[in-house]
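Each chain, letter by letter, is given below.
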Amino acid sequence: MKSVPKWILLLAESPYLGGINSHLISIAEAFRGRNDFQPLIACLSGRREDVSLFDAARDRGIEIVEIPMRARFDHRALEGIRRLVKERDIRLIHTHNYRATIAAWAARPRVPIVNTCHGQIVAPSLALRIWQIVELRVMRRLERTIACSEFVKSWLVAKGLPEHRVTTVYNAYELRSVSDRNVRMELGIEPGEYVVMYAGRLAEGKGLNDLLEAASQAQSVTLLFAGDGPLRQELEARAKSLNPRAFFVGTVRDMDSYYRACDVVVLPSQMEALPMTLIEAMAHERALIATKVGGISEVVSDNTGTLVPPCDPQQLAAAINRLRDPALRVTLAANGRARWQFRFRHARLANALADVYRTALE
């Protein structure tokens, strides 16, 4: 007789579709068709400026529910978590980021809780530092903690979490059906132009001013910024003053077409735990330039891309110039795709998470 999958609640703290919530979509897709666990995504509503997580889930046929939360911490959300656990017969809660982890623990749902630590924010405000301290205290009371990279695991153990209760599980990504959209034609980019793309939030800590400075020093290059955030207007103004050719396209739902439109994907961040952007770029056979910080070296190596120091526009410009060579890009991209095939696929993600879930349920 076929077994009935156990419901797992994937709890997100925000409806914004960044790297963390893209990971939740990947988890839901990774468990499709399996008979051990069935994920259900729930999201604390928070502020409503961006609800792209809901759009992305529905685009992919993934069930998602909202738990209303009108403030940074709203006691009514705790009742919403308890009610959802009871109504949907949730067997385990898997949280992502501090608000979700703290809210799930405070709700006392009488089911095991595991969390994924996606790293810490660079130069957080005082309020965020306090929330992160509280989250670390809560982690010590959970059944298991998942680190998205060995770098993050080492950081958690240094903060006092028992090593045997922290498991590294890498993010994953799968290619979707290919559309015939031509982003270069839409933007007026000529076929021979050398295009370097940044995909992610336009925010502090991402090294985007360094990227603009590097582009102004490099040979002829076109920058493509796929994403939005609080620094967008400042970056657009700086691009005009430095005079690199740059396109800011805002939030993108069809990222596959944008990966195909670029030659190189760049991530000049000051800190990253394990960025989804680089994994997606490898799946799309794109050469990589990234800073040697955090868990990035667990994704990018010398045979898949170029690593440079953070906050160094000159070396970033040199890397951009180096990857103008089409033959080199092809070699690096092929190596990157092979690494993606081996380490960052959905089947590997689902198997690793299922092991953690089973251990926590025991």
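This section reports on the structure supplied with the text.

Each value, and the rule that gives it
Residues numbered from 1 in each chain as written. Predicted model: local features only at pLDDT ≥ 70, side-chain atom pairs only at ≥ 80, totals over all residues. Heavy atoms only, no water. Buried < 20%, exposed > 50% of the residue type's maximum accessible area, 1.4 Å probe, protein only. Helix = DSSP H or I, 4+ residues; strand = E, 2+ residues; numbered from the N terminus. Arc of directions from axis to C-beta. Contact = heavy atoms within 4.5 Å. Phe/Tyr/Trp six-rings, centres within 6.5 Å; stacked < 30°, edge-to-face > 60°. Lys NZ or Arg CZ within 6 Å of the ring centre and 35° of its normal. Pairing = 2+ DSSP bridges. Axes fitted to C-alpha atoms, helices over the stretch in contact; angles between N-to-C directions. Parallel < 35°, antiparallel > 145°, perpendicular 65-115°, else oblique. Left-handed = near helix turned anticlockwise from the far one by under 90°. Nonpolar A, V, L, I, M, F, W, Y, C, P; charged D, E, K, R; others polar.

## Topic: helix 6 (residues 150–158)
Stage number 1. Every buried residue of helix 6 is accounted for by Val152, Lys153 and Leu156. Looking straight down helix 6, one finds that the buried residues subtend no more than 100° of arc, so they occupy a single side.
Stage number 2. Its buried side turned inward, helix 6 meets strand 5 (113–117), helix 5 (126–139), strand 6 (144–147) and strand 7 (166–168).
Stage number 3. After helix 6 finishes, the residue Gly160 shows a positive phi value of roughly 110°.

## A few points about the packing of aromatic side chains
Stage number 1. For the coordinates displayed, the defined rule picks out 7 aromatic pairs.
Stage number 2. Summarising the aromatic geometry, the rings of Phe225 and Phe248 are spaced 4.4 Å apart at their centres and angled 0° between planes, so their arrangement reads as stacked. Residue Phe225 is located in strand 9 (residues 222–226), and its partner Phe248 is located in strand 10 (residues 245–250); the two are separated by 23 residues in the primary sequence. Just as Phe225 is buried, Phe248 falls in that class too.
Stage number 3. Note that Arg88 overlies the ring of Trp7, its terminal NZ or CZ placed 4.7 Å from the centroid.
Stage number 4. In this arrangement the basic side chain of Arg348 is found over the ring face of Phe342, its NZ or CZ atom lying 5.1 Å from the centre.

## Overview of the pairing of strand 4 (residues 90–96)
Stage number 1. Among the 7 residues that make up strand 4, 6 are buried, leaving the element largely enclosed by the rest of the structure.
Stage number 2. Strand direction decides the pairing type here: strand 1 (residues 6–12) and strand 4, joined by 6 bridges, are parallel. By the bridge assignment for strand 4, Ala12 is matched with His96.
Stage number 3. As paired strands, strand 4 and strand 5 are joined by 4 bridges and run parallel to one another. Considered in strand 5, the bridge of His96 is made with Thr116.

## Quick notes on the packing of helix 8 (residues 208–217) against helix 9 (residues 232–242)
Stage number 1. The contact between helix 8 and helix 9 brings their axes to 10 Å, and the two run at 15°. When the axes of helix 8 and helix 9 are compared, the pair comes out roughly parallel. Seen from above, helix 8 lies across helix 9 with right-handed handedness. Facing Leu208, Asn209, Leu212, Glu213 and Ser216 of helix 8, the residues of helix 9 in contact are Glu234, Leu235, Arg238, Ala239 and Leu242.
Stage number 2. Grouping the amino acids of the contact of helix 8 with helix 9 by side-chain chemistry returns 5 nonpolar, 2 polar and 3 charged.

## Some remarks on the sheet that holds strand 3 (residues 64–67)
Stage number 1. Strand order in the open sheet made by the 7 strands is 3-2-1-4-5-6-7, with parallel pairing throughout. Single-partner strands in this sheet number two, and they are strand 3 and strand 7. Adjacent strand axes in the sheet meet at a mean angle of 25°, parallel and antiparallel pairs treated alike.
Stage number 2. Direction of pairing for strand 1 relative to strand 2 (residues 37–44): parallel, over a ladder of 7 bridges.

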